[in-house]
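Below are the chains, spelled out letter by letter.
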There are 2 protein chains.
Amino acid sequence: MGKTNLELVHECDKFPYYEDDRAFYAAHLKNFHAFKVSGCDSVLGYILNSVVEKFYWPEDCWSIDSTNQTVTLVTPPDATADQRSQLVAKTLDEAVKRGTFEILKGWRNELYPVYGPGGEFLLEMERSASPLFGIVSYGIHGTCYVEDENGLRIWIPRRSRTKQTYPSMLDNTVAGGMSTGEKPYECLIREAMEEASLPEDVMRKTAISVGCVTYFYVRDSRAGGETDLLQPEVEYVYDMKLSADIIPKPGDSEVEEFNLYTVEETKKALANGEFKPNCAVVLIDFFIRHGILTPENEPDYMEIVARIHRRLEYPTASHATK
Amino acid sequence: MGKTNLELVHECDKFPYYEDDRAFYAAHLKNFHAFKVSGCDSVLGYILNSVVEKFYWPEDCWSIDSTNQTVTLVTPPDATADQRSQLVAKTLDEAVKRGTFEILKGWRNELYPVYGPGGEFLLEMERSASPLFGIVSYGIHGTCYVEDENGLRIWIPRRSRTKQTYPSMLDNTVAGGMSTGEKPYECLIREAMEEASLPEDVMRKTAISVGCVTYFYVRDSRAGGETDLLQPEVEYVYDMKLSADIIPKPGDSEVEEFNLYTVEETKKALANGEFKPNCAVVLIDFFIRHGILTPENEPDYMEIVARIHRRLEYPTASHATK
């Protein structure tokens, strides 16, 4: 017996729910400090207590309250996002110099944004540090598929065996994180070329926005670096129906190969745990939207649909064009 | 300025969220008694305090705890679902005889199931009484559309002006509640013939299961009967792409007429508040899945997606075929 779809969802949406067990939830939160920014009431992320202890927090810009379990970036009331980002960057640079965190060895030179209530842009920080602060990250996932007389088949890449995170696991056709200022559709177009050599005109002709999946991931050893770090995520989801003559090819060193999987082969690989956890969730969403998983054949249908569209407890961003 | 999509979602998903304001949520719950069944720990629904006061609760089978705010159906440990259902039916019959509740004047002669943890079938009760107990109800919604050189157009019915609930409002092509034992797909087929005169073979050829929407509705005056009653709902969602020669026609007295609406006309009718609230939600879900609402053009994208896939705080049913 392989993994059920609900088990796969649970691997990705692992942070407990208040409603399931109020006492357990409250006890669990004790393992974290809330990440805050002065002048903003909202919790922007949760930092593991062990991470709070290890960090060197310069006193001129950080206030650690061990009673209320908060870590607050303290800046003048008129601070700009840029000023906040620089203070965080300095703290991270020091952590890298001291070699405090394993996860920062995967430094990406890519900046992830942090938003306050109403989508206000508060600051940005290095991507590899985001799970240390437990902030929401944003990305895109796209599924390329072929539907012809052979049925529906999906283009599935295998990650490079030298990749830092989830080496050799199966992935979605196109996937990637959105840097500050990037729009979802543009991110999709960029990643499609970088990772799958899919030309822009093909993408613009075929890519359809079909929703988003949201979940609250807790990093395990397969993710690399420290475990139990928090990673609440929003992934905008796209479908691309391709004609059989368009063949994705590895465009960088991240992907080893692409193969066309039948629905049955995909289901088997899912049950075998061959997919990176959040890719499994996007495929399950694809199966639900395409009538492959139905209320009649999936016993956990409703729970799965609700869990992969989790309402995150943080302020989130709008990516609408103003 | 008409209603935003998020405002439309909020009209349908109106019960507060714990995470938004913990104190407000706790205070709000004080307006309700929890509906329970002896031998089962779960809360199965919430009953307005004013409803608890008005009901005549025979002491031999109901235990009202005003300190813990619970209403418990008390039966022997070996009670069957049938026995529980009969006790509830007797209580409801008495309420009808006494004319206690306006909402029971809309008696449907249709039984809605109540499930315990693990999907155990606990009892069933008259459909029109379900909002008095605040139990989860299950239904199906299907959107018939045409996609041709004129773009995408949707078959939208106007409800009969003599209908008890939401008279003259716009609806989805096919919609209906699932009685005890009914499977979603079979419910869809039945309702399609009853309400839209769409033959079974057309439905079996075109209907695709595409997900479910879940929300926690609070009844307002448009719903008829007492206001503020709770109605958490699960609606299984289907898409039917029809060729232009298949034309839905009213099959019973519930629908006045069907019209083909362009996307722009549908959006305008949504913003004007012309749709029954839960039908608006299903159309918003349709727009999201079909690339009409995107992260770039809908500022509240993520919040909308999460809210219309709410994880209900009750045990829910599986409709999988065993």
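Because the structure is a prediction, the values reported are computed rather than measured.

1. Overview of the UniProt feature "domain: Nudix hydrolase" (unreviewed entry) in chain A
So, step 1. Within the UniProt annotation, "domain: Nudix hydrolase" (unreviewed entry) is assigned to residues 137-283 of chain A.
So, step 2. End C-alpha atoms of residues 137-283 of chain A are separated by 19 Å, and the span's content is 24% helix alongside 39% strand.

2. Observations concerning the sheet that holds strand E4 (residues 70-73) of chain A
Residue and element names in this part refer to chain A.
So, step 1. Read from one edge of the open sheet, 4 strands run E2-E1-E4-E3, paired in mixed fashion. Each edge of the sheet is formed by a strand with only one pairing partner; in this case those strands are strand E2 (45-48) and strand E3 (62-65). Taken pair by pair, the neighbouring strands of this sheet meet at an average axis angle of 25°, ignoring direction.
So, step 2. As paired strands, strand E1 (residues 32-37) and E4 are joined by 4 bridges and run parallel to one another. Across the sheet, the residue bridging to Val37 is Leu73, located in E4.

3. Here we look at the domain arrangement of chain A
Residues and elements named next belong to chain A.
So, step 1. Along its sequence, chain A is carved into domain 1 (5-13 + 137-308) and domain 2 (31-132).
So, step 2. The C-alpha centroid of domain 2 is placed 29 Å from the C-alpha centroid of domain 1.
So, step 3. Contact residues are listed per partner, giving 15 residues for domain 1 and 22 residues for domain 2.
So, step 4. Around 1,400 Å² of area is buried between domain 1 and domain 2 when both sides are counted, 59% of it from carbon and sulfur atoms.
So, step 5. On the surface where domain 1 and domain 2 come into contact, there are 0 salt bridges.
So, step 6. Taken together, the connections running from domain 1 to domain 2 amount to 5 residue pairs in polar contact (both at pLDDT 80 or more).
So, step 7. Where the side of domain 1 that touches domain 2 is concerned, the elements lending two or more residues are strand E7 (137-148) and strand E11 (230-241).

4. Concerning empty space enclosed by the protein
So, step 1. What the rule picks out here adds up to 7 cavities of 30 Å³ or more.
So, step 2. By volume, the largest cavity is sized at about 260 Å³.
So, step 3. Tyr17 and Glu19 of chain A together with Tyr17, Glu19 and Arg311 of chain B are, among the 19 residues lining the largest cavity, the residues nearest its centre.
So, step 4. Along the lines of polarity and charge, the residues of the lining of the largest cavity split into 9 nonpolar, 2 polar and 8 charged.
So, step 5. Lining the second largest cavity are 18 residues, and of these Asp285, Arg289 and His309 of chain A together with Asp285 and His309 of chain B sit closest to its centre.
So, step 6. For the lining of the second largest cavity, the elements supplying multiple residues, two or more each, are strand E10 (207-218) and helix H9 (277-289) of chain A together with strand E10 (207-218) and helix H9 (277-289) of chain B.
So, step 7. Grouping the amino acids of the lining of the second largest cavity by side-chain chemistry returns 10 nonpolar, 4 polar and 4 charged.

5. Brief notes about the nonpolar core
So, step 1. By size, the foremost hydrophobic cluster in this structure holds 212 residues, and its most contacted members are Phe133 of chain A together with Phe133 of chain B.
So, step 2. When near neighbours in sequence (up to four residues on either side) are disregarded, Phe133 of chain B contacts Phe35, Gly45, Tyr46, Ile47, Phe55, Trp57, Trp62, Leu92 and Met125 of chain B.

Reading the values: the criteria
Residues numbered from 1 in each chain as written. Chains lettered and ligands numbered in written order. Predicted model: local features only at pLDDT ≥ 70, side-chain atom pairs only at ≥ 80, totals over all residues. Heavy atoms only, no water. UniProt positions renumbered as here; feature names shortened; annotations may be inferred. Helix = DSSP H or I, 4+ residues; strand = E, 2+ residues; numbered from the N terminus. Pairing = 2+ DSSP bridges. Axes fitted to C-alpha atoms, helices over the stretch in contact; angles between N-to-C directions. Domains from an automatic or database assignment. Contact = heavy atoms within 4.5 Å. Buried area = accessible area lost by both parts, 1.4 Å probe. Salt bridge = Lys/Arg side-chain N within 4 Å of Asp/Glu carboxyl O. Polar contact = N/O pair within 3.5 Å; in protein donor to acceptor, adjacent residues only side chain to side chain. 1 Å grid on protein atoms, 1.4 Å probe; cavity = no way out; pocket = protein on both sides within 12 Å on 5 of 7 lines; lining within 4 Å. Points joined across faces, edges and corners; volume = space filled by probe spheres on them. Nonpolar A, V, L, I, M, F, W, Y, C, P; charged D, E, K, R; others polar. Core = buried A, V, L, I, M, F, W, Y, C linked by side-chain atoms within 4.5 Å. Buried < 20%, exposed > 50% of the residue type's maximum accessible area, 1.4 Å probe, protein only.

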